[in-house]
Each structure stands twice: as C-alpha cells, then as structure tokens.
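As a plain string of letters, each chain reads:
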Amino acid sequence: MSNKPFRINDRIKSFDFAIQGIITFLKTQHNVWIHIVAALVVVIFGFVVEVNSNEWCWLIVAISMVLITEMFNTAIEFLCDLISTEVHPQIKKIKDIAAGAVLMAVIASVIIGVIIFLPKIF
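This is a predicted model, so every value here is computed, not measured.

A word on a nonpolar patch on the surface
Argument step 1. On the surface, a nonpolar cluster with roughly 520 Å² of combined accessible area is contributed by Val110, Val114, Leu118, Ile121 and Phe122.
Argument step 2. Judged by its relative accessible area of 78%, Phe122 falls in the exposed class.

Next up, the structure:
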C-alpha cells in the first residue's frame, strides 16, 4: 500500500495515462479495428432486431471481453518485446497463450451472438 496521500491531480493523471494507453492501442494494433467493425455491426444489428436490455448486457460483456483481452495481449507482447527481441521459446509460449486468450474471447462472443441473434432471425 502506498503512503502517498490522496490527491485529485494524481487521479486525473491516472485517467490521462489510461487514455494514452487506449490511444497507443488503437494506433498500433491492426486487429483492434477488425474487432471494432465487428462490434459496430453487432450494435447496429442489435438495434435492427430490437434486442432487450438483458441481451444488450450480454453483448456489451462480449464486446468488452474481446477488446480487453486484445489490450492485455498487446501489453504482454510489448513487455515480451522489451525483454527480448530475439526468438525465445518461453516468450513464444507467453505470446501464444495471450493470443489464445483473445481467440477464446472471440469464440465465446460469437457463441453469445448466435444465442441472441439466431432466434430473432428465424
């Protein structure tokens, strides 16, 4: 635990750091734009088929889960690249596992989308 006293300026700075992280993520990761386009399609389709508030909650969780895991994957990749720029078998495992987490989030999100949208289509 920190011994620093609570200061509003420090809290404001922490928001700035978080926003800078999001900007870096958006500027450096091509896959995020695929996820964002998919999310926009889901949101538009959600309005078209009039999903209910419970379904919106699940869609928001699914979209967030994909973006958050992609952000953690990116952070892990940046950290691994800082540690070693050479091919290292342990770093490869770390990066593969982080990428696998994103894939699992995407698969879970697709399943959530199918459960919500399929009955509305048919």
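Looking at the environment of Ile36
Argument step 1. Counting through the fold element by element, Ile36 comes out in helix H2 (residues 31-48).
Argument step 2. Ile36 gets classed as partly exposed once you look at its relative accessible area, which sits at 24%.
Argument step 3. Remark: the alpha-carbon pair of Ile36 and Pro89, spanning 53 residues in sequence, is separated by 32 Å.
Argument step 4. If we skip the residues at most four places from it in the chain, Ile36 touches Leu26 and Leu67.

Remarks on the packing of aromatic side chains
How two aromatic rings sit relative to each other is given by the distance of their centres and the angle of their planes.
Argument step 1. Considering all chains together, one arrives at 2 aromatic pairs under this definition.
Argument step 2. On the numbers, 5.0 Å between centres and 50 degrees between planes, the contact of Phe47 with Trp56 is tilted.
Argument step 3. For Phe47, a relative accessible area of 59% corresponds to the exposed category.

Conventions adopted
- Residues numbered from 1 in each chain as written.
- Predicted model: local features only at pLDDT ≥ 70, side-chain atom pairs only at ≥ 80, totals over all residues.
- Heavy atoms only, no water.
- Patch = residues over 30% accessible without salt bridge, like charges linked within 9 Å, V, L, I, M, F, W, Y side chains within 5 Å.
- Areas by Shrake-Rupley, 256 points an atom, 1.4 Å probe, with all protein chains shown as cover.
- Salt bridge = Lys/Arg side-chain N within 4 Å of Asp/Glu carboxyl O.
- Buried < 20%, exposed > 50% of the residue type's maximum accessible area, 1.4 Å probe, protein only.
- Helix = DSSP H or I, 4+ residues; strand = E, 2+ residues; numbered from the N terminus.
- Contact = heavy atoms within 4.5 Å.
- Phe/Tyr/Trp six-rings, centres within 6.5 Å; stacked < 30°, edge-to-face > 60°.

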